Amino acid sequence: MEKTQLAALAATLAPDAQVVQGKQFVEITLLPTELYTVAEKLKNHSDTALDMLVSITGMDYGSELGTVYHLRSTVHNHMIVLKTRVSDRENPEIDSLCGLWPAAEFHEREAFDLLGIRFRNHPDLRRLFLDSTWGYPLRKDYKDDINILAK
Amino acid sequence: MEEAVKAPVPEQEEYVINMGPQHPSTHGVLRLVVSLRGETVRNVEPHIGYIHRGIEKMCESITYPQIIHLTDRMDYLSAHINNEAVCLAVENALGIEVSDRVKVVRTILSELTRIQSHQLFWATFGMDLGGLTCFFYGLRDREMILDIFEETCGGRMIVSYNCPGGLMNDIHPNFQKRTKEFISYFRKTLPEYDRLLTGNVIFQERLKNIGVVNREQAIAWGLTGPVGRASGFSCDVRKHNPYSAYDRVTFKEILYDEGDSFHRYKVRMDEMWESMNIIEQLIDNIPAGSYAEKMKPVIKLPEGEYYQSVETARGELGVYIVSDGNKNPYRVKFRSPNFVHLAPLNLMSQGSKIADLVAINGSLDLIIPDIDR
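Residues numbered from 1 in each chain as written. Chains lettered and ligands numbered in written order. Predicted model: local features only at pLDDT ≥ 70, side-chain atom pairs only at ≥ 80, totals over all residues.

Participant: Which residues make up the interface of chain A and chain B, and what values go with them?
Facilitator: Each partner contributes residues to the interface: chain A has 25 residues there, and chain B has 25 residues. Of all the secondary-structure elements, those providing two or more residues to the side of chain A that touches chain B are β3 (52–60) and α3 (104–115) of chain A. When residues of the side of chain A that touches chain B are assigned to their parent elements, the largest contribution, 6 residues, is made by β3 of chain A. (Contact = placed C-beta atoms within 7 Å. Helix = DSSP H or I, 4+ residues; strand = E, 2+ residues; numbered from the N terminus.)

In structure tokens, the structure reads:
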């Protein structure tokens, strides 16, 4: 399927979201409340068929935190990127996608560990690399006293 | 002398042992907390982070050419391919087309990297299962490739030979001769590997139907590389989204349907033959041209997001760069194959024996610095 067709189809599946045809992939920016339902539709629709979760990237946008999901269809060999943002930096919460793709479990634990994003309904949300005394190092306001590279 | 006291462990009771972080079969600092009932594995819980260096955070404060040197340290057996991923992402973002010479040399070196990685896999996998001879054979032959790397790239494992826009310097005059020597030598030696290990009945009995993953599970867990292809999941980035010179060579994607530890091993053995085929198609006609494009002294990517995936020896490595237009990236994410492959270890090993856990772990060919990053 052409990228324009894919973008049009994605727009019908996610009517409230903002669908952009990026340079590489179709990008869908949506609210955290509709993330799970849209992801479920994109996974189960036969023309999108996003059966593989490639990666989850936690992002710090300054005033907001967010996650970026790279999803691939092994049937059609196309990729769609989902993006969502939350403005609450103290207690950011996003729905977990473990119910759709089991691969999300480790990716979400990583995002929780390094950015402090909590994933609702995650089966086992614990710190992954660091222990609980660390802050969240991938946040932009994280102070690292021993980093000689930081300006 | 007092009579020894028997420590009673009832059969129904769960018994927890700690495997690692310093255990030879975990190939690095990976700690597995294994719950057993008798000798049967009930649950495996990986604990990672012992070698976490925060590479993604470090990338945010350094420039793009510097990032390349950090990617060597993730999956150190696929160092050259990791470099290539970042270079391709930067080149695509800037719209730079590298010369054919660079594309071909990169492809040859990537395949040599794949062969030496699979050789080391073969060597250590045999050792995990009690065949120490493999270790010597594998490392002996791997040395030849490392010598080629040393001559051309300067480094043996940590090569850092790619740079945005091409290569650090031109190939060594001996490169073609040495590579051809290696191929003709290894074509004779690789059947020895099969005679030594693959056909061994004990070896096969320990691997067949152990740690089975079917195709649906492989896709759902995102397993790529030899692990995914052993389950029949066609996921070779070189085939589906060819980069460098992979679109001009013919090679077969190795696929098996069984999805057990033995076929994960088989995929790697067959891939070494395919890698040699690819190298032979390219080595005699490396096109003339410049080895590096002229780049600006300070590389700044235009504002935006760039994703590039390559096929390392272990699977799909994805590099996701978010740029805000500065010389440092705003965010870099590495989708490393080993991190993804570790997640279903519990699923694969539940119900098998503790000795099988070593076999399953070995067949995944995990590189711990790539998990931790």
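Participant: Summarise the sheet that holds strand β6 (residues 304–311) of chain B; cite the residues concerned and give the values.
Facilitator: All names here are of chain B. Strand order in the open sheet made by the 3 strands is β6-β7-β8, with antiparallel pairing throughout. Of all the strands in the sheet, just β6 and β8 (331–335) have a single pairing partner and so form its edges. Strand-to-strand twist of the sheet, defined as the mean angle between neighbouring strand axes without regard to direction, takes the value 10 degrees. With 8 bridges connecting them, β6 and strand β7 (residues 316–323) associate as antiparallel partners. Looking at the pairing, Tyr-306 lines up with Ile-321 of β7. Along the sheet, helix α3 (residues 79–94) makes contact with β6 and β7, crossing β6 at roughly 145 degrees. (Pairing = 2+ DSSP bridges. Axes fitted to C-alpha atoms, helices over the stretch in contact; angles between N-to-C directions.)

Participant: Which residues make up the nonpolar core, and what values go with them?
Facilitator: Ranked by internal contacts, the top residues of the largest apolar core, which has 88 residues, are Ile-28, Leu-53, Leu-71 and Ile-80 of chain A. Among the elements that make up this core, the one with the highest residue count is α3 of chain A (6 residues). In terms of nonpolar packing, the next biggest core, distinct from the first, is built from 54 residues, Tyr-64, Ile-145, Met-272 and Phe-334 of chain B among them. (Core = buried A, V, L, I, M, F, W, Y, C linked by C-beta atoms within 7 Å. Buried ≥ 20, exposed ≤ 12 C-beta atoms within 10 Å, placed from the backbone.)

Participant: Which residues make up unusual backbone geometry, and what values do they have?
Facilitator: Outside of glycine, negative phi angles account for most residues, and trans bonds account for most peptide bonds. Residue and element names in this part refer to chain B. Although it is not a glycine, Ser-244 sits at a positive phi angle of roughly 45 degrees. Relative to the helices and strands, Ser-244 resides in the loop between α10 (237–240) and α11 (261–283). For Ser-244, a count of 22 C-beta atoms within 10 Å corresponds to the buried category. A positive phi angle, near 60 degrees, is found at Arg-373, a position not held by glycine.

Participant: Explain the environment of Thr-63 of chain B to me, using residue names and the numbers behind them.
Facilitator: Checked against the element boundaries, Thr-63 of chain B lands in the loop between α1 (55–59) and α2 (64–71). Look past the residues within four positions of Thr-63 of chain B in its chain and what remains in contact with it is Ile-299, Lys-327 and Asn-328 of chain B.

Participant: Before we move on, can you summarise the environment of Lys-43 of chain A with the specific residues and values?
Facilitator: All names here are of chain A. With respect to the helices and strands, Lys-43 occurs in helix α2 (residues 35–44). Classification of Lys-43 as partly exposed rests on a count of 18 C-beta atoms within 10 Å. Excluding its chain neighbours within four sequence positions, the residues that come into contact with Lys-43 are Leu-50, Asp-51 and Leu-100.

Participant: Which residues make up the pairing of strand β1 (residues 18–21) of chain A, and what values go with them?
Facilitator: Residue and element names in this part refer to chain A. In this structure, β1 lies alongside strand β2 (residues 26–30), joined through 4 bridges in antiparallel fashion. Paired with Val-19 across the bridge in β2 is Ile-28. A loop of 4 residues connects β1 with β2, the two strands running antiparallel in sequence.

Participant: Explain the packing of helix α6 (residues 175–198) of chain B against α11 of chain B residue by residue, including any values.
Facilitator: Residue and element names in this part refer to chain B. One way to put it is that α6 packs onto α11 with a least axis distance of 11 Å and a crossing angle of 165 degrees. Accordingly, the angle class assigned to the pair α6 and α11 is roughly antiparallel. Here the hand of the crossing between α6 and α11 comes out left-handed. On α11, the residues that touch Gln-176, Thr-179, Lys-180, Ile-183, Phe-186, Arg-187, Leu-190, Tyr-193 and Thr-198 of α6 are Met-269, Met-272, Trp-273, Met-276, Ile-279, Glu-280 and Ile-283. (Parallel < 35°, antiparallel > 145°, perpendicular 65-115°, else oblique. Left-handed = near helix turned anticlockwise from the far one by under 90°.)

Participant: Talk me through the sheet that holds strand β2 (residues 31–37) of chain B; I want residue IDs and the actual numbers.
Facilitator: Pairing between the strands of a sheet comes from backbone hydrogen bonds, and it takes one of two forms, parallel or antiparallel. All names here are of chain B. Strands sit in the order β1-β2-β3 across an open sheet of 3 strands; the sheet is antiparallel. The outermost strands of the open sheet, each flanked by one partner alone, are β1 (15–19) and β3 (40–47). Here the average twist between neighbouring strands, direction ignored, is 20 degrees. In this structure, β2 lies alongside β3, joined through 7 bridges in antiparallel fashion. For Ser-35, the partnering residue across the bridge sits in β3 and is Asn-43.

Participant: Quick rundown of helix α5 (residues 132–153) of chain B? Include the residues and the values.
Facilitator: Residue and element names in this part refer to chain B. When the terminal C-alpha atoms of α5 are compared, their 31 Å separation across 22 residues agrees well with the 32 Å that a helix rising 1.5 Å per residue should span. The set of residues buried in α5 consists of Cys-134, Gly-138, Asp-141, Ile-145, Ile-148, Phe-149, Thr-152 and Cys-153. Buried-residue contacts for α5 involve α4 (100–128) and α6. (Expected span 1.5 Å × (residues − 1).)

Participant: Lay out the pairing of strand β4 (residues 65–73) of chain A with the relevant residues and their values.
Facilitator: Residues and elements named next belong to chain A. Counted residue by residue, β4 has 9 buried out of 9 residues, so it is predominantly covered. Residues Leu-65, Thr-67, Tyr-69, Leu-71 and Ser-73 point to one face of β4 and Gly-66, Val-68, His-70 and Arg-72 to the other, with burial holding for every one of them. In the sheet, β3 pairs with β4 via 8 bridges, with the strands oriented antiparallel. By the bridge assignment, Met-59 is partnered in β4 with Gly-66. Counting the residues between successive antiparallel strands, the hairpin from β3 to β4 contains 4 residues, one of them, Gly-62, with a positive phi of roughly 100 degrees. As paired elements, β4 and strand β5 (residues 78–86) share 9 bridges and run antiparallel to each other. Of the residues in β5, the one forming a bridge with His-70 is Val-81. Here β4 folds back onto β5 in antiparallel fashion, the turn holding 4 residues, of which Asn-77 has a positive phi close to 55 degrees.

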